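Coordinate inspection notes
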Amino acid sequence: MPDRLAVFAQYLMPKQALTTLAGKLAESESGSLTTRVIRWFVRRYGVDLSEAVDTDPVCYRSFNEFFTRPLRAGARPLADAGFVCPVDGAISQFGAIERDQIFQAKGHHYTTTALLGGDSGLAARFANGAFATLYLSPRDYHRIHMPVDGRLTRMIHVPGALFSVNPVTARGVPGLFARNERVVCIFDGDFGSFALVLVGATIVGSMATVWHGTVNPPRSGVLREWSYDTQPVTLKKGEEMGRFLLGSTVVMLFPADVLRFNPDWSPARPVRMGEAMGEPIGPRM
């Protein structure tokens with residue numbers, strides 16, 4: 001299907017209803033039917049189950065349990081780097097934030113303020129900083145880990161659309177990642193604040209964090225926020241911080257003069273959780 005037609009079709013489809021239905025089906029425990037669906041999915045997308053703790057599809061009671069499967073110990077060693085990649089997936093884009101502009105695809109930018117739910121004061125912390133947008137395909141491991149040590153300060157659930165986040169849609173839908181539903185997680189590190197933004201998509205049934213559990217649903221249609229000033233949540237580099245139930249995208253924001261990206265990184269390059277993402281500008285943290 002031509003890119004333009006594929007994108008146009010998404011404006012017409014009932015994305016919210018499809019996502020709700022997919023979420024209910026994915027959490028159902030249907031015995032042999034669930035196993036058959038998982039086996040089909042593994043074949044269709046080339047999922048490598050040899051890395052998982054449970055390698056047999058029969059072990060999973062629901063599709064969600066399979067989709068968020070943990071990996072065996074040692075499957076993702078952490079690189080000796082200041083910042084590590086938080087997910088398995090592919091690089092969509094990365095680089096410098098130009099004032100408040102984040103590059104999405106040729107001809108498309110969006111602002112840090114829009115991405116962060118309209119909070120211009122929060123967005124100002126990342127002016128002229130660095131960003132990385134990482135896409136998780138259906139075959140990937142779908143837990144999200146910390147790129148660097150951090151203490152959680154805020155979480156914001158921003159309601160929005162549910163477009164697909166695949167590369168075709170990123171090229172065709174203006175402001176895609178600041179338009180879709182998302183969960184914004186703000187951390188303090190040794191160098192200041194950084195953000196991990198979990199972006200929803202069509203049939204992404206829910207997003208969850210290790211400190212809160214499932215964030216959505218509910219989908220109330222209004223922005224919700226949680227503060228962690230009095231209940232500190234501290235996570236080390238490489239620790240799990242959240243997960244997607246069905247695949248999506250993570251956008252990271254860092255302040256100016258903090259991160260120098262791995263010179264081996266390039267758009268569309270596959271990445272794995274734990275590999276070197278970059279080094280601090282200045283002394284090693």
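To be clear, the structure that these remarks concern was listed above.
Below or above, wherever it landed, is the structure these notes cover. Owing to the predicted nature of the structure, the values given are computational and were not obtained by experimental measurement. (Residues numbered from 1 in each chain as written. Predicted model: local features only at pLDDT ≥ 70, side-chain atom pairs only at ≥ 80, totals over all residues. Heavy atoms only, no water.)

**Section: the overall build of the chain**
Of the regular secondary structure elements, the chain holds seven helices and 18 strands. The buried share of the chain, taken over its 285 residues, is 52%. In the chain, once contacts between residues fewer than 6 apart in sequence are set aside, the share between residues at least 24 apart is 76%. For the chain, the exposed surface amounts to about 12600 Å²; the carbon and sulfur share of it is 54%. (Helix = DSSP H or I, 4+ residues; strand = E, 2+ residues; numbered from the N terminus. Buried < 20%, exposed > 50% of the residue type's maximum accessible area, 1.4 Å probe, protein only. Contact = heavy atoms within 4.5 Å. Areas by Shrake-Rupley, 256 points an atom, 1.4 Å probe, with all protein chains shown as cover.)

**Quick word on the nonpolar core**
Core analysis: the largest hydrophobic core is formed by 37 residues, its most contacted members being Phe 187, Trp 211, Met 241 and Trp 265. Those elements giving two or more residues to this core turn out to be strand 5 (130-135), strand 7 (150-158), strand 8 (182-189), strand 9 (192-199), strand 13 (233-235), strand 14 (240-245), strand 15 (249-254) and strand 16 (259-261). In this structure, Phe 187 is in contact with Met 146, Gly 150, Arg 151, Leu 152, Thr 153, Gly 192, Ser 193, Phe 194, Trp 211, Leu 235 and Met 241, ignoring residues within four places of it in sequence. Of all hydrophobic cores here, the second largest spans 22 residues; its members include Tyr 110, Ile 156, Ala 178 and Val 184. (Core = buried A, V, L, I, M, F, W, Y, C linked by side-chain atoms within 4.5 Å.)

**Notes on the environment of Ser 32**
With respect to the helices and strands, the residue Ser 32 is situated in helix 3 (residues 32-45). Considering only alpha carbons, one finds Ser 32 and Pro 57, 25 residues apart in sequence, at a separation of 10.0 Å.

**What to know about the pairing of strand 15**
The element strand 15 is extensively covered by neighbouring structure, given that six of its six residues are classed as buried. The alternating pattern of strand 15 places Thr 249, Val 251 and Leu 253 on one face and Val 250, Met 252 and Phe 254 on the opposite face, and all of these are buried. Direction of pairing for strand 5 relative to strand 15: antiparallel, over a ladder of six bridges. Pairing of Tyr 135 across the sheet is with Thr 249, part of strand 15. Here five bridges tie strand 9 to strand 15, and the two strands are oriented antiparallel to one another. (Pairing = 2+ DSSP bridges.)

**Examining the side chain of Gln 93**
Structurally, the position occupied by Gln 93 is in strand 2 (residues 89-96). We classify Gln 93 as buried; its relative accessible area is 17%. Ignoring any residue separated from it by four or fewer positions in sequence, one finds Gln 93 in contact with Phe 103, Gln 104, Ala 105, Phe 131, Ala 132, Thr 133 and Pro 267.

**Details of the sheet that holds strand 14**
Backbone hydrogen bonds are what pair the strands of a sheet, in a parallel or an antiparallel way. With respect to topology, four strands assemble into an open sheet ordered 6-14-10-11, the strand pairing being antiparallel. Edge positions in the sheet fall to strand 6 (143-145) and strand 11 (213-216), since each of these pairs with one other strand and no more. The average undirected angle you get between the axes of adjacent strands in this sheet is 25°. (Axes fitted to C-alpha atoms, helices over the stretch in contact; angles between N-to-C directions.)

**Quick notes on the environment of Pro 267**
With respect to the helices and strands, the residue Pro 267 is situated in the loop between strand 16 and strand 17 (270-271). A C-alpha to C-alpha distance of 7.8 Å links Pro 267 and Ala 90, two positions 177 residues apart in sequence. Each residue touching Pro 267, except ones within four places of it in the same chain, is listed here: Ile 91, Ser 92, Gln 93 and Phe 94.

**Here's the deal with unusual backbone geometry**
Phi is positive for Asp 257, which is not a glycine, with a value near 60°. Relative to the assigned elements, Asp 257 resides in the loop between strand 15 and strand 16. Residue classification places Asp 257 among the exposed residues on the basis of a relative accessible area of 65%. The backbone phi angle of Ala 268 is positive, close to 80°, even though this residue is not glycine.

**As for the packing of aromatic side chains**
Applying the stated criterion across every chain, the model contains 20 aromatic pairs. Taking the centre distance of 5.0 Å and the plane angle of 70° together, the rings of Phe 94 and Phe 261 count as edge-to-face. Placement of Phe 94 in strand 2 and of Phe 261 in strand 16 is noted, with a sequence separation of 167 residues between them. Consider the rings of Phe 194 and Phe 254, whose centres lie 5.9 Å apart with planes at 15°: the pair is stacked. Separated by 60 residues along the polypeptide, Phe 194 in strand 9 and Phe 254 in strand 15 bring together distant segments of the chain. Considered together, Phe 194 and Phe 254 belong to a single accessibility category, that of buried residues. Chaining the aromatic ring pairs together yields one cluster made of Trp 40, Phe 41, Tyr 45, Tyr 60, Phe 63, Phe 66 and Phe 67. Note that Arg 44 overlies the ring of Tyr 45, its terminal NZ or CZ placed 4.8 Å from the centroid. The aromatic ring of Phe 66 is capped on one face by Arg 69, whose charged end is 4.8 Å from the ring centroid. (Phe/Tyr/Trp six-rings, centres within 6.5 Å; stacked < 30°, edge-to-face > 60°. Lys NZ or Arg CZ within 6 Å of the ring centre and 35° of its normal.)

**Digging into the pattern of salt bridges**
For the structure shown, the criterion picks out 12 salt bridges. Note that Glu 65 is salt-bridged to Arg 61, the shortest N-O span being 2.8 Å. A relative accessible area of 26% means that Glu 65 is categorised as partly exposed. Here Arg 61 falls in the exposed class, since its relative accessible area comes to 52%. Here Arg 154 and Asp 119 are joined by a salt bridge, their closest N and O atoms 3.0 Å apart. Here Arg 154, found in strand 7, pairs with Asp 119, found in the loop between helix 5 (112-115) and helix 6 (120-124); they are 35 residues apart in sequence, far enough to count as distant. (Salt bridge = Lys/Arg side-chain N within 4 Å of Asp/Glu carboxyl O.)

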